[in-house]
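# Summary of the model geometry
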Amino acid sequence: MSYGGGELLSDISLTLSPGSFHFLTGPSGAGKTTFLKLCYGALLPTAGHVRMFGADVRDMSRDDVALARRRIGVVHQDVQFLDHLPVADNVALPLIVSGRDRTDESENLSELLNWVGLSKRAGALPAELSGGERQRAALARAVIMSPEVILADEPTGNIDWEMSQRLLQLLVELNRMGKTIMIATHDMNLIRAAKSQVQARVLRISQRRLHTAGADL
Amino acid sequence: MTPDLTRITAFLAGDVQADRLVPPTGFTARLTVFVAAAMAFLTVFALALSLATGRLADRWSDELARASTLRISAPMDQREAQTTAALRVLETTPGVASARALSDEEQRALLEPWFGPDLPVESLPIPQLIEVIEDETGYDAAGLRLRLSAEVPGAVLDDHTRWRRPLVMAADRLRLLGWLSIALIGAATAAMITLAAQAALAANAQVIAVLRLVGARDAYIAQAFVRRFTLRALGGAAAGTVLGMIAVLVLPSAQAEAGFLTGLGFQGWHWIWPLVIPPLGAAVAFAATRHAAQRTLRELS
């Protein structure tokens, strides 16, 4: 994978097995976000192959990518919402765009909002949310379609430790439900906290390569 | 391709949820409606012009092409004989359906605008006019002139082509200009709606990025914009068309006096034509927005 002229990631070979829990770490600018973007088809590799659910992204049409994204929940550090719609609608957005009837899923939705602790904020606009609330809303949006994979890019980057713990808790719970999780972070405390609860593998990007980090973390 | 009616009705009915995804934009919305209305209004007039000049051209070429005039300028004592001779020649000319010498009353009526009603036609040495009506095939004017010059020395054939042709050509050209104006108005509408759509797409880049991230297909995202612009154009064009039709309707009509100008309007079933404008405007908006949306979306990941 090259970016802006220089090669950014090379010789990376990785398969995320279903139900696994990965941390992706490395210095800023190493290519964590780029790697995640490759994983959900937002970027195409300049060389090599990226497969989403067994299909090569190069052979996938834009619609195929859209359909694959319904099976992948993505949480960004700076989450974007539709700022003119309340939180509940934003969380339900994947349902709306995939043509599902929201009224059928209203129970799911309120359960999910409850799970991320946003029941009371359902009617608020995204701009009125705090950083932690935004991240939890993003997570709720990422999982409402019951995706098989959840990719989180620095999900705790903007929030305090307590809130990070809570968000991690939610991700661990999702992993126990069988979801594949990949979290890009440079927060070692978060990784340590996770390791006590879940079988997590740590991947480290440095020198344009992907390393499996030792167990000493 | 047959239009899929269920898809069109579904498009018009829309998806209430999908409609809310794109934030409402008051100002550009009003501009789009205004542009559509103004363009529809102009189209009504261009259409009226085209149809009116079309009618004029048809009438001129139809009525005048079939009729010509033979003028017999002879001394009074020979006029009768020459008229009879000319009629005989005309009767035996292939392509002439009928020929008839105008009566004194008719000639007086023709001269009345110039000389008043009391003209003593009988006592004046004015030429005798013969009206010649062609049949479908028409006659050979040059051959007829030749025969006439031999048998009726005082006869002058005026087959009207001399002054008919430029008139018909002018009317045809005007009609063409009318249609060209309609085409230009359509193209300008498409251009303006494309600009408006592109502005809307650019202003909603974040919305599009979010929708794309959560798995919305391009067609779904495009539809949210396309539907909005199509309905705006439809509404605006409908309003503009109605106003234009009212304006044409209340044009003062001075039937006999002004000739060409009073023809500007719709006659009979031609009133149906302007009703085509709103759907056509909507179709232009649909195509323009769809094109703009698809192009914008292709550039995104």
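A quick note: this is a predicted structure, and the numbers were derived from the prediction, not measured. (Residues numbered from 1 in each chain as written. Chains lettered and ligands numbered in written order. Predicted model: local features only at pLDDT ≥ 70, side-chain atom pairs only at ≥ 80, totals over all residues.)

## Brief notes about the overall build of chain B
The number of helices and strands found in chain B is twelve helices and four strands. Relative to its 301 residues, chain B shows a buried fraction of 32%. Contacts in chain B between residues at least 24 apart in sequence constitute 87% of all its contacts with a sequence separation of at least 6. (Helix = DSSP H or I, 4+ residues; strand = E, 2+ residues; numbered from the N terminus. Buried ≥ 20, exposed ≤ 12 C-beta atoms within 10 Å, placed from the backbone. Contact = placed C-beta atoms within 7 Å.)

## Notes on unusual backbone geometry
Residue and element names in this part refer to chain A. Backbone geometry places serine 146, a non-glycine residue, at a positive phi of 55°. In this fold, serine 146 is placed in the loop between helix H6 (131-143) and strand E7 (149-153). For serine 146, a count of 14 C-beta atoms within 10 Å puts it in the partly exposed group. Phi angles above zero are rare outside glycine, and glutamate 154 is one such case at about 45°. Examined against the element boundaries, glutamate 154 turns out to sit in the loop between E7 and helix H7 (161-176).

## A word on the sheet that holds strand E8 (residues 180-184) of chain A
Residue and element names in this part refer to chain A. Within the open sheet, the six strands sit side by side as E6-E7-E8-E3-E9-E10. Their pairing is mixed. Edge strands, defined here as strands with exactly one partner in the open sheet, are strand E6 (72-75) and strand E10 (209-212). Taking the axes of each pair of neighbouring strands and ignoring which way they run, one obtains an average angle of 20° across the sheet. (Pairing = 2+ DSSP bridges. Axes fitted to C-alpha atoms, helices over the stretch in contact; angles between N-to-C directions.)

## Comments concerning helix H1 (residues 32-39) of chain A
Residues and elements named next belong to chain A. Among the eight residues in H1, six count as buried, and that is most of the element. For H1, the full list of buried residues reads Lys32, Thr34, Phe35, Leu36, Leu38 and Cys39. Following H1 by one or two positions, glycine 41 has its phi on the positive side, about 80°.

## Quick look at the interface of chain A and chain B
On the chain B side, the residues contacting the 21 residues of chain A number 17 residues. Elements represented by at least two residues in the side of chain A that touches chain B include exactly helix H2 (62-69) and helix H4 (93-97) of chain A. No other element matches the five residues that H2(A) contributes to the side of chain A that touches chain B. Of the residues assigned to the side of chain A that touches chain B, the class counts are twelve nonpolar, three polar and six charged. (Nonpolar A, V, L, I, M, F, W, Y, C, P; charged D, E, K, R; others polar.)

## As for the packing of helix H9 (residues 218-249) of chain B against helix H12 (residues 277-298) of chain B
Two quantities define a packed helix pair, namely the angle between the helix axes and the distance between the axes. All names here are of chain B. Contact geometry for H9 and H12: axes closest at 7 Å, N-to-C directions at 155°. Judged by the inter-axis angle, H9 sits roughly antiparallel to H12. When you trace H9 past H12, the crossing you get is right-handed. Here Asp218, Ile221, Ala222, Phe225, Val226, Phe229, Thr230, Ala233, Leu234, Ala237, Ala238 and Thr241 of H9 lie close against H12, whose contacting residues are Ile277, Pro278, Gly281, Ala282, Ala285, Phe286, Thr289, Arg290, Ala293, Gln294 and Leu297. For the contact of H9 with H12, a count of residues per class yields 16 nonpolar, five polar and two charged. (Parallel < 35°, antiparallel > 145°, perpendicular 65-115°, else oblique. Left-handed = near helix turned anticlockwise from the far one by under 90°.)

## Quick word on the domain arrangement of chain B
Domain annotation for chain B reports domain 1 (5-60 + 171-298) and domain 2 (74-153). With centres defined by C-alpha atoms, the gap from domain 1 of chain B to domain 2 of chain B works out at 55 Å. (Domains from an automatic or database assignment.)

## With respect to the confidence of the model for chain A
Residue and element names in this part refer to chain A. Summarising the model, chain A shows a mean pLDDT of 83, and 92% of its residues fall at 70 or more. Strand E1 (residues 2-3) is the least confidently modelled element of chain A, averaging 43 in pLDDT, while E8 averages 91, the highest of any element. Segment residues 1-6: pLDDT under 50, and eleven contacts once partners within four positions in sequence are set aside and those in other chains are kept. (pLDDT = per-residue confidence, 0-100.)

## Focus: the sheet that holds strand E4 (residues 155-158) of chain B
Whenever strands of a sheet pair, they do so through backbone hydrogen bonds, lying parallel or antiparallel. Residue and element names in this part refer to chain B. Taking strand neighbours across the sheet as the criterion, the four strands line up as E2-E3-E1-E4 in an open arrangement whose pairing is antiparallel. Looking at the sheet topology across the chains shown, the edges are occupied by strand E2 (96-101) and E4. Neighbour-to-neighbour, the strand axes of this sheet turn through a mean angle of 20°, independent of strand direction. As paired elements, strand E1 (residues 67-72) and strand E3 (residues 128-134) share six bridges and run antiparallel to each other. Within E3, the position partnered with isoleucine 72 by the bridge is glutamine 128.

## What about the nonpolar core?
In terms of nonpolar packing, the biggest core is built from 109 residues, with A:Val91, A:Ala140, A:Leu151, B:Ala197 and B:Phe225 touching the most fellow members. Among the elements that line this core, the one with the most residues is helix H3 (residues 26-66) of chain B, at 13 residues. When near neighbours in sequence (up to four residues on either side) are disregarded, B:Ala197 contacts B:Phe225, B:Phe229, B:Ala288, B:Thr289, B:Ala292 and B:Ala293. B:Ile72, B:Ala86, B:Ile130 and B:Val152 belong to the second largest nonpolar core, which has eleven residues in total. (Core = buried A, V, L, I, M, F, W, Y, C linked by C-beta atoms within 7 Å.)

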